[in-house]
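Take a look at the letters that make up each chain.
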Amino acid sequence: MGRWGKFITFEGIDGSGKSTLISAIKERLLKKGIKEEKILITKEPGGTDFAELLRDVLAKKVDREPLAELFALLSARYDHTKRKIIPALREGKIVICDRYSDSTFAYQVFGKGLEYYLVTHLNKIASLKLKPDLTILIDLDPKIALERLKDKRDHYESLGLEFFERVRYGYLALAKRAKKRIKVIDGSRSFEDVLNDAWFYVESLIFGEE
Ligand code: ADP
């Protein structure tokens, strides 16, 4: 492997199992002999002090314009990408990010109705044109996700189940257009099955070239 690292993102609706899966994938990487300092686990929106502040602002239950929300999300992405993700990739690290650009398309375009080309254009600036090498999309019926999420239920209730159905559909549409990069995993099965599927793709990316 050259000096430049690998960028892996995890996507899916809230409660689809991203954070649980990321922790388990990290454990497997460590077991396979990858050193802890070679792995960066990060999350969007967030990842830098400034982006974390924006995350707190975005989490507040204040009504806002979808476009205003987009600018805040992209502002956080730019800071995170420039100051944390790219430097880590430059050092040859495996960067694992909980949500990235696909979330913006699924939520802001398919969920909230912002214009696809506008988001594409602005996101190119925010992401510095960085694209993941691999994206694991955990596909799950929002009704099941809602059952699994006990403490974040109000988030679902305020946006509504149909919103999450649009987001789910959006993710699947994105996956159809980027079959090589986005791998869809059926998240309704046991965690072990979900983990084994995700690991297959991660392992092929990280160790496949040896
Ligand atoms: P996300 O990070 O996508 O919001 P989490 O990883 O927090 O989702 O998972 C939401 C809840 O669902 C957690 O309580 C987690 O333990 C549980 N969970 C995750 N994957 C599965 C699975 N395959 N089957 C059953 N429950 C799961």
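Report follows, based on the coordinates.

Parameters at a glance
- Residues numbered from 1 in each chain as written.
- Predicted model: local features only at pLDDT ≥ 70, side-chain atom pairs only at ≥ 80, totals over all residues.
- Heavy atoms only, no water.
- 1 Å grid on protein atoms, 1.4 Å probe; cavity = no way out; pocket = protein on both sides within 12 Å on 5 of 7 lines; lining within 4 Å.
- Points joined across faces, edges and corners; volume = space filled by probe spheres on them.
- Helix = DSSP H or I, 4+ residues; strand = E, 2+ residues; numbered from the N terminus.
- Phe/Tyr/Trp six-rings, centres within 6.5 Å; stacked < 30°, edge-to-face > 60°.
- Buried < 20%, exposed > 50% of the residue type's maximum accessible area, 1.4 Å probe, protein only.
- Salt bridge = Lys/Arg side-chain N within 4 Å of Asp/Glu carboxyl O.
- Pairing = 2+ DSSP bridges.
- Axes fitted to C-alpha atoms, helices over the stretch in contact; angles between N-to-C directions.
- Core = buried A, V, L, I, M, F, W, Y, C linked by side-chain atoms within 4.5 Å.
- Contact = heavy atoms within 4.5 Å.
- Arc of directions from axis to C-beta.
- Patch = residues over 30% accessible without salt bridge, like charges linked within 9 Å, V, L, I, M, F, W, Y side chains within 5 Å.
- Areas by Shrake-Rupley, 256 points an atom, 1.4 Å probe, with all protein chains shown as cover.

1. Focus: the layout of surface pockets
Size it by volume and the largest pocket reaches roughly 1400 Å³. Lining the largest pocket are 47 residues, and of these D14, R99, Y107, H155 and L159 sit closest to its centre. Secondary-structure elements contributing two or more residues to the lining of the largest pocket are α1 (18-31), α2 (49-59), α3 (66-90), α4 (101-111), α7 (153-159) and α9 (191-207). Approximately 460 Å³ is the volume attributed to the second largest pocket. Residue lining of the second largest pocket: 17 residues in total, with D102, F105, Y116, K131 and R181 positioned closest to the centre.

2. Notes on the packing of aromatic side chains
Within the structure shown, the criterion is met by 9 aromatic pairs. Ring geometry for Y107 versus F164: centroids 6.3 Å apart, planes at 85°, classification edge-to-face. Residue Y107 is located in helix α4, and its partner F164 is located in helix α8 (residues 161-177); the two are separated by 57 residues in the primary sequence. Accessibility expressed as a relative area gives 11% for Y107, which makes it buried. Joined through ring pairs, the aromatic side chains of Y107, F163, F164 and Y171 make up one cluster.

3. Describing the pattern of salt bridges
Counted under the stated rule, the structure contains 14 salt bridges. The partner of R77 in a salt bridge is E44, and the shortest N-O contact between them spans 2.8 Å. Separated by 33 residues along the polypeptide, R77 in helix α3 and E44 in the loop between β2 (39-43) and α2 bring together distant segments of the chain. Between R83 and D79 there is a salt bridge, and its shortest N-O distance comes to 3.6 Å. Within this pair, R83 and its partner D79 are both found in helix α3, separated by 4 residues, close to a single helical turn. With a relative accessible area of 62%, R83 lands in the exposed category. Within the structure, one salt-bridge network assembled from shared partners comprises R64, E69 and K112.

4. Points about the sheet that holds strand β4 (residues 134-139)
Pairing within the open sheet is parallel, and its 5 strands lie in the order β2-β3-β1-β4-β5. The sheet terminates laterally at β2 and β5 (182-186), the two strands that pair on one side only. Across the sheet, the axes of successive neighbouring strands diverge by a mean angle of 20°, strand direction being ignored. Relative to strand β3 (residues 94-98), β2 runs parallel, the two being bridged by 5 bridges. By the bridge assignment, L40 is partnered in β3 with V95.

5. A word on the nonpolar core
Grouped together as the largest cluster of nonpolar side chains are 25 residues, with contacts concentrated most on I13, Y107, Y156, V167 and Y171. Mapped onto this core, the elements with two or more residues apiece are α3, α4, α5 (116-126), α6 (142-148) and α8. The element contributing the most residues to this core is α8, with 6 residues. Contacts of V167, omitting those with residues within four sequence positions, involve I13, A106, Y107 and G111. I22, I185, V194 and L195 belong to the second-largest nonpolar core, a separate cluster that totals 23 residues.

6. Looking at α5
Turning to α5, its buried residues number three or more, namely V119, L122, N123 and A126. Buried positions in α5, seen along its axis, are confined to an arc of 105° and lie on one side of it. Structural note: α5 exposes Y117, H121 and I125 on the side pointing more than 90 degrees away from its buried face. The secondary structure elements touched by the buried residues of α5 are α3 and α4.

7. Some words on a nonpolar patch on the surface
Judged by side-chain polarity, L67, F71 and L118 come together as a nonpolar surface patch covering roughly 240 Å² of accessible area. Here L118 shows up in helix α5. Judged by its relative accessible area of 34%, L118 falls in the partly exposed class.

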